[in-house]
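What follows is each chain in one-letter form.
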Amino acid sequence: MNEARTVRAAAAQIAPDLDTAGGTLDKVCDWIDAAAERGVQLLVFPETLVPYYPYFSFVRAPAFSGPDHLALYQRAVTVPGPEIDRVAGRARRHGMVVVLGVNERDRGTLYNTQVVLDGDGRLLLKRRKITPTYHERMIWGQGDASGLQVVDSAVGRIGALACWEHYNPLARYALMTQHEEIHCAQFPGSMVGPVFADQIEAAMRHHAAESGCFVVNATGWLEEHQIQAITDDPAQQKALRGGCMTMIVSPEGKVLGEPVTEGEGLCVADLDLALILKRKRMMDSVGHYARPELLSLLIDRRPAATVHDLQDIHGPHGDAAGAPIGSDEHEQQEYPLQSAAHQ
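Overview of the structure. In this text the structure is predicted, and so the values were computed from the model without any measurement.

## Topic: the packing of aromatic side chains
By convention here, two paired aromatic rings are described through the distance between centres and the angle between planes. Enumeration according to the criterion identifies four aromatic pairs in this entry. Each ring, one from Y53 and one from W140, has its centre 5.8 Å from the other, and the planes form 70°; the classification is edge-to-face. Here W140 lies in the loop between β5 (123-128) and β6 (151-153) and Y53 lies in the loop between β2 (42-44) and α2 (56-59), a separation of 87 residues in the sequence. The buried category is assigned to Y53, whose relative accessible area is 3%. Classification of W140 as buried rests on a relative accessible area of 5%. Relative to F196, the ring of F187 lies with its centre 6.0 Å away and its plane at 70°, an arrangement referred to as edge-to-face.

## Remarks on the sheet that holds strand β1 (residues 6-13)
The six strands lie next to each other as β5-β4-β3-β2-β1-β12, forming an open sheet whose pairing is mixed. At either end of the open sheet lies a strand with only one pairing partner, and these are β5 and β12 (265-272). Neighbour to neighbour, the strand axes of the sheet diverge by 25° on average, direction disregarded. Bridge count between strand β4 (residues 109-117) and β5: five bridges; the pairing is antiparallel. Each residue of the ladder has a partner; that of T113, found in β5, is R128.

## Side note on the pairing of strand β10 (residues 246-249)
Because side chains alternate across β10, one face comprises the buried residues T246 and I248, and the other comprises M247 and V249, equally buried. In this sheet, β10 lies alongside strand β9 (residues 214-219) in antiparallel orientation, the contact comprising three bridges. Bridge pairing in β10 links V215 to V249. By the bridge criterion, three bridges tie β10 to strand β11 (residues 255-260) in an arrangement that is antiparallel. Residue pairing for β11: T246 is matched across the bridge by V260. The loop that links β10 with its antiparallel partner β11 comprises five residues; one of these, G253, has a positive phi angle of about 85°.

## What to know about the side chain of Q178
Along the polypeptide, Q178 turns up in the loop between α5 (169-176) and β8 (182-187). Using a relative accessible area of 12% as the deciding quantity, one classes Q178 as buried. A distance of 2.9 Å separates a polar side-chain atom of Q178 from the backbone oxygen of A174. The residues contacting Q178, other than those within four sequence positions of it, are L148, Q149, V150, R157 and R301.

## Some points on the pairing of β9
For β9, the buried fraction is high: six of the six residues fall into the buried class. What you see with β9 is no split at all: F214, V216 and A218 on one side and V215, N217 and T219 on the other are buried throughout. Where β8 meets β9, six bridges bridge the pair, whose relative direction is parallel. Bridge pairing in β9 places C184 opposite V216. Note on the crossover from β8 through helix α6 (residues 194-211) to β9: the handedness is right-handed.

## Considerations on helix α3 (residues 66-75)
Regarding α3, the residues found buried are H69, L72 and Y73. Each buried residue of α3 sits inside an arc of 105° when the element is viewed along its axis, so together they form one side. Exposed side of α3, more than 90 degrees from the buried face: P67, L70 and Q74 are the residues found there. Those residues of α3 that are buried are in contact with α2, β3 (97-106) and β4.

## So, the pattern of salt bridges
Overall, the coordinates contain 20 salt bridges when judged by the stated rule. Residue R128 pairs with E104 through a salt bridge whose shortest N-O separation is 2.9 Å. Of this pair, R128 sits in strand β5 while E104 is found in strand β3, placing the two residues 24 residues apart along the sequence. For E104, a relative accessible area of 2% gives the class buried. When the shortest N-O distance is used, the salt bridge between R172 and E210 registers 2.7 Å. With R172 in helix α5 and E210 in helix α6, the pair connects residues that are 38 residues apart, well separated along the chain. Note on R172: relative accessible area 6%, which makes it buried. Take E210: its relative accessible area is 25%, and that puts it in the partly exposed class. Within this structure, E104, D106, K126 and R128 form a network of salt bridges that share partners.

## Focus on the packing of helix α1 (residues 23-37) against helix α4 (residues 82-94)
Across the interface, α1 lies against α4 with an axial gap of 10 Å and an inter-helix angle of 10°. On the basis of the axis angle, α1 is roughly parallel to α4. Across from L25, D26, V28, C29, D30, I32, D33 and A36 in α1, the residues of α4 making contact are E83, R86, V87, R90, R93 and H94. Each residue belonging to the contact of α1 with α4 can be placed in one class, and the counts come to six nonpolar, one polar and seven charged.

Rules used in this analysis
Residues numbered from 1 in each chain as written. Predicted model: local features only at pLDDT ≥ 70, side-chain atom pairs only at ≥ 80, totals over all residues. Heavy atoms only, no water. Phe/Tyr/Trp six-rings, centres within 6.5 Å; stacked < 30°, edge-to-face > 60°. Helix = DSSP H or I, 4+ residues; strand = E, 2+ residues; numbered from the N terminus. Buried < 20%, exposed > 50% of the residue type's maximum accessible area, 1.4 Å probe, protein only. Pairing = 2+ DSSP bridges. Axes fitted to C-alpha atoms, helices over the stretch in contact; angles between N-to-C directions. Polar contact = N/O pair within 3.5 Å; in protein donor to acceptor, adjacent residues only side chain to side chain. Contact = heavy atoms within 4.5 Å. Right-handed = clockwise from strand over helix to strand, strands pointing away. Arc of directions from axis to C-beta. Salt bridge = Lys/Arg side-chain N within 4 Å of Asp/Glu carboxyl O. Parallel < 35°, antiparallel > 145°, perpendicular 65-115°, else oblique. Nonpolar A, V, L, I, M, F, W, Y, C, P; charged D, E, K, R; others polar.

Okay, here's the thing in structure tokens:
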């Protein structure tokens, strides 16, 4: 950790292009260029900004969402893929770390995916939201813990979660144990109303103080004409307003810069990384303030798979390690996490 560094970070509150296939990606590249002119080294975009968050699923019954869901499939991206390559090129041009939310298509399933691109354009992390929330479960599949990783980037150690994953304390703790310096958070925005913005602020400030890291949070925005295009029901339109809180928070829970709660805009702040040690000297929740002999976290980072080929696992004779299948020794070899939990 280089504690004598300052990082200029920004969170973008941006409206997607709901009408054209590549319109949102064009906006993302333009905003990267504009942020670079302001000296931004880390830029965070909202949840599933590309091509857009599935707002339709929040106000429309599942039986009537089929055409919109299929359209989202058709505009979704692959990771890696040409859309990600284009953003990576922009990141490389400006030496900027970019955190982008996308709808990722993996054949017949969509995922809420967070992509972290380093300043040289390398794909550092692709992680899928582990539990889509409420209406989102009709749209996206579930991610797994293989993506609960903190990665080293040009601006420091970065972790990321999406929306109500911040209400899963064990998911947050998984990142905290990896000593994230900058936490990148993403929410859809333009939903629920002012209470959603209040909840976001509380969650972001709490995570910053508890983890002793900076939090850079981006929420999305819908223009009035977009809300009306999604639904012509005034009651449903009300559900697609408010809920925006694009903000940056210090490790002490202090709000930095000016949060963006209306319209499109950038929240920009300089992050003095020395504040991390200042906070953790007082309270390090995964160090001197932890009680691992009383409370600890067990994580299964194995990627979820729908097929487990016994020949691949055990070799041509059914057992790679030589222990008879069905024996206690064999079960400990095949299921090390479960065995360790019972010891």
